[in-house]
Amino acid sequence: AMKAQYQRPKAVPLPKNNEYTVARLDLGRQLFFDPRLSGPGTMSCASCHNPDLAWGDGLPTGIGSAANRLDRRSPTLLNLAWGQLMFWDGRADSLEEQAVGPIQNPDEMTNTMPRLVEQLRAIPGYRTQFNKAYPNEPISAATIGRGRREARFCLLQHQSALVGLPLRLPVYRR
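Heads up: these notes are all about the structure in this document. All values reported here derive from a predicted model rather than from experimental measurement. (Residues numbered from 1 in each chain as written. Predicted model: local features only at pLDDT ≥ 70, side-chain atom pairs only at ≥ 80, totals over all residues. Heavy atoms only, no water.)

Packed helices, taken two at a time, are described by their axes: the angle between them and the distance between them. Following both chains from N to C, one finds helix α2 (residues 22-33) and helix α6 (residues 124-133) inclined at 145°, their axes separated by 8 Å at the closest point. In the packing of α2 onto α6, the handedness of the crossing is left-handed. Contacts from Ala 23, Arg 24, Asp 26, Leu 27, Gln 30 and Leu 31 in α2 reach Tyr 126, Gln 129, Phe 130, Lys 132 and Ala 133 in α6. (Axes fitted to C-alpha atoms, helices over the stretch in contact; angles between N-to-C directions. Helix = DSSP H or I, 4+ residues; strand = E, 2+ residues; numbered from the N terminus. Left-handed = near helix turned anticlockwise from the far one by under 90°. Contact = heavy atoms within 4.5 Å.)

Below is the structure:
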C-alpha cells in the first residue's frame, strides 16, 4: 500500500492551454540554454541548472549574472513537473511562474520582460521558432512564460520534460 503512494505518475502534467509539441519543447530547450536571456548576456538558465550536475550547479549557494553570491542553493529541476510550490521559499505557485522568475530577478539574471521580448523579436531564428511553436501569436511575455496560468509557456515545455529515471529503492526485510 505504501509503495503505491510513492509511484511516479504515468504522464507528465502540462497545462491544458500549453499542450506538448516538439516545436514548443525545442523552443523551450533553446531558451533554456541561451545566455541572451540574461541582462548582460552572460548567463543562461543552464548556468545554475547544469544537466551534468543533476540540473543544479553543485554550489552551496547560487551565483548571479554579476558574479554575486545568492542567498540560496540552485535546486535541481528534475521532476519539477509534479512540484506544488516552487523555489525554496515557495514564492511561486506553479512551474509556469517559476520559469521566468530568475530571468527578471535583479540578483539572478537581471533582465526585464519588456527588454527580453524586444531582444527575442529582433532575432530572426527566434521569430521562426516562436511562429512554429505558437502560430499566429507574437513573441510576448505570455509566449515566453510570464507566469500567468492562462498564457502559454514555452519555458515550461522544457522544464516539464526534465524527468529523472525511476529509482528502484532497496527492499529491507525484517
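Okay, the environment of Glu 108 next. By secondary structure assignment, the location of Glu 108 is in the loop between α4 (95-104) and α5 (113-121). With a relative accessible area of 18%, Glu 108 lands in the buried category. Along the primary structure Glu 108 and Gly 64 are separated by 44 residues, whereas in three dimensions their C-alpha atoms are 4.2 Å apart. What Glu 108 contacts, discounting residues up to four positions off in sequence, is Met 43, Gly 64, Ser 65, Leu 70, Arg 91 and Pro 102. (Buried < 20%, exposed > 50% of the residue type's maximum accessible area, 1.4 Å probe, protein only.)

With that settled, consider the packing of aromatic side chains. Following the criterion strictly, the structure yields four aromatic pairs and no others. Seen in terms of ring centroids, Tyr 126 and Phe 130 are 6.2 Å apart; in terms of plane orientation they differ by 55°. Their pairing is tilted. With a gap of four residues between them, Tyr 126 and Phe 130 both fall in helix α6, about one helical turn apart. Ring-pair connections join several aromatic residues into one group, and the members of that group are Phe 32, Phe 33 and Trp 55. Across from the ring centre of Phe 87, 3.8 Å away, lies the NZ or CZ of Arg 91, which sits over that ring. (Phe/Tyr/Trp six-rings, centres within 6.5 Å; stacked < 30°, edge-to-face > 60°. Lys NZ or Arg CZ within 6 Å of the ring centre and 35° of its normal.)

Next up on the list: the nonpolar core. The biggest cluster of nonpolar side chains holds 20 residues, and the ones touching the most others in it are Leu 120, Phe 130 and Ile 144. Counting residues per element, the ones that place at least two in this core are α2, α4, α5, α6 and α7 (141-144). For this core, the element with the most residues is α5, which contributes four residues. Those residues within four positions of Leu 120 in sequence are excluded, and the remaining contacts are Leu 31, Tyr 126, Arg 127, Phe 130, Ile 139 and Ile 144. If you look at the next biggest cluster of nonpolar residues, it comprises nine residues, including Leu 77, Leu 80, Ala 92 and Leu 95. (Core = buried A, V, L, I, M, F, W, Y, C linked by side-chain atoms within 4.5 Å.)

Here we take up α6. For α6, every residue scored as buried is listed here: Tyr 126, Gln 129, Phe 130 and Ala 133. Projected down its long axis, α6 carries its buried residues within an arc of 100°, all on one side. (Arc of directions from axis to C-beta.)

Take α4 next. Across the 10 residues of α4, seven count as buried, placing the element largely inside the fold. Burial in α4 covers these residues: Leu 95, Glu 96, Gln 98, Ala 99, Val 100, Pro 102 and Ile 103.

The subject of this paragraph is unusual backbone geometry. You will see that Ala 54, though not glycine, has its phi angle at about 60°, which is positive. Along the chain, Ala 54 turns up in the loop between α3 (45-48) and α4. We note that Thr 110 has phi near 50°; this positive angle belongs to a residue other than glycine. Relative to the assigned elements, Thr 110 resides in the loop between α4 and α5.

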